[in-house]
Amino acid sequence: PLGLGRRKKPPPLVENEESSGGRGGAPGEPGGAPGGSGGVSAPPPALRPRLVFHTQLAHGSPTGRVEGFGNVRELYGKIGEAFGIPPGEVLFCTLNTPQVDMEKLLGGQIGLEDFIFAHTRGRTKLVQVLKSEEALGLTITDNGAGYAFIKRIREGSVMARTPQVGVGDVLEALDGRSLVGARHFEVARLLQELPRGQHFQLSLTEPRRAWDVLTPRSGGRAGLPPLGSGRGTLRLRSRGPATLQEQPSAFEERAVAKVDDLLESYMGIRDSELAATMVELGRDARDPDALAEALDSQLGDFAFPDEFVFDVWGAIGDAKAGRG
């Protein structure tokens, strides 16, 4: 009756309780999650918002300044310039805390007075795992520049019983096959497709840590605004220019959170920018069929299951009505 049987439904990528999230990069780029306004070229640097953000390396550094970036890859490049390190050394960023706090990950938006902490490459490790259950218990996210990393480990899961694996670890290789540049949903699929009862090897890189880090260090914040006090935001897009906007509305916050939860439940990924893009596509859709067509047009790589599309439609409707 809804006309959603326009495609063959693919099998779920992971078990419903399995998670893997994060922020996707540019569609068509290594490590990117399809999102943003399809095919819009980034404007010349001179036309981009000239906003200045303050940053530190999470394990300790003076305070640096970054500006003139339009997406996450460019931000990592600016951080590299500020601290004299290759951009590939940056694994992910958190806002307003140097801790490996997955609730503070830099996603598709940065508050105009947010302080950026860059987490860089630390120790590399090889881990042998027995897939004794169908679901590994991982939530995987994406840094937007080619690295998929662990956002959450479900208590009591296979991975929770593997102490060498930790939140924030980047997934570098699976059984010798490089995962660098793979999209987060591709990594989730590879892990889900491993046969139960099989041993496999993960190559992981953990973020460099300074265990005594509690507040911004050397370089100080004298004369700077309080962390995270700004209301305006810079929206980073996988494709197209970054845009300045007001703080997300209550509807947008509710809808993005609901859709992000659905991504985790159905596909084993979390991706706040992808969720925000889906909300943009669905807010004016007249019915689930229109939403499905918009998702196919912009985000066809994901091949979203029909019941997922219907649930996204319902989640956006609930958010509009102020429910949940």
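Residues numbered from 1 in each chain as written. Predicted model: local features only at pLDDT ≥ 70, side-chain atom pairs only at ≥ 80, totals over all residues. Heavy atoms only, no water.

### Looking at the pattern of salt bridges
Next up, step 1: Following the criterion strictly, the structure yields 8 salt bridges and no others.
Next up, step 2: In this structure, Glu-206 and Arg-123 form a salt bridge, with 3.3 Å as the shortest nitrogen-oxygen distance. Here Arg-123 lies in strand E5 (residues 115-130) and Glu-206 lies in strand E10 (residues 199-207), a separation of 83 residues in the sequence.
Next up, step 3: The salt bridge partner of Arg-283 is Glu-252, with a shortest N-O separation of 3.4 Å. You can see Arg-283 sitting in the loop between helix H4 (272-282) and helix H5 (288-299) and its partner Glu-252 sitting in helix H3 (residues 250-267), a full 31 residues away along the chain.
Next up, step 4: For Glu-252, a relative accessible area of 24% puts it in the partly exposed group.
Next up, step 5: A single salt-bridge network, built from bridges that share partners, covers Arg-123, Lys-125, Asp-169 and Glu-206. (Salt bridge = Lys/Arg side-chain N within 4 Å of Asp/Glu carboxyl O. Helix = DSSP H or I, 4+ residues; strand = E, 2+ residues; numbered from the N terminus. Buried < 20%, exposed > 50% of the residue type's maximum accessible area, 1.4 Å probe, protein only.)

### Side note on the nonpolar core
Next up, step 1: One finds Leu-263, Ile-269, Met-278, Phe-302, Phe-304, Phe-308 and Val-312 to be the most contacted residues of the largest nonpolar core, which totals 30 residues.
Next up, step 2: Broken down by element, this core gets its largest block of residues, 8 residues, from H3.
Next up, step 3: Those residues within four positions of Val-312 in sequence are excluded, and the remaining contacts are Val-259, Leu-262, Met-278 and Leu-291.
Next up, step 4: Leu-75, Leu-91, Phe-149 and Val-170 belong to the second largest nonpolar core, which has 25 residues in total. (Core = buried A, V, L, I, M, F, W, Y, C linked by side-chain atoms within 4.5 Å. Contact = heavy atoms within 4.5 Å.)

### Re the pairing of strand E1 (residues 52-57)
Next up, step 1: For E1, the tally of buried residues reaches 5 of 6 residues, placing the bulk of the element in the interior.
Next up, step 2: Sheet topology note: the E1/strand E2 (residues 64-67) ladder contains 4 bridges and is antiparallel. Looking at the pairing, Phe-53 lines up with Val-66 of E2.
Next up, step 3: Between the end of E1 and the start of E2, which pair antiparallel, lie 6 residues, with Gly-60 showing a positive phi angle near 125°.
Next up, step 4: Pairing analysis gives 4 bridges linking E1 to E5, with the strands arranged parallel. Its bridge partner being in E5, Thr-55 is matched across the sheet by Ile-116. (Pairing = 2+ DSSP bridges.)

### Description of the environment of Ala-319
Next up, step 1: Relative to the assigned elements, Ala-319 resides in helix H6 (residues 306-320).
Next up, step 2: Look at Ala-319 and you get buried, because its relative accessible area is 0%.
Next up, step 3: The sequence separation of Ala-319 and Val-256 amounts to 63 residues, and the corresponding C-alpha distance is 8.9 Å.
Next up, step 4: When sequence neighbours within four positions are dropped, the list of residues in contact with Ala-319 reads Phe-251, Arg-254, Ala-255 and Lys-258.

Structural measurements only, silent on function.
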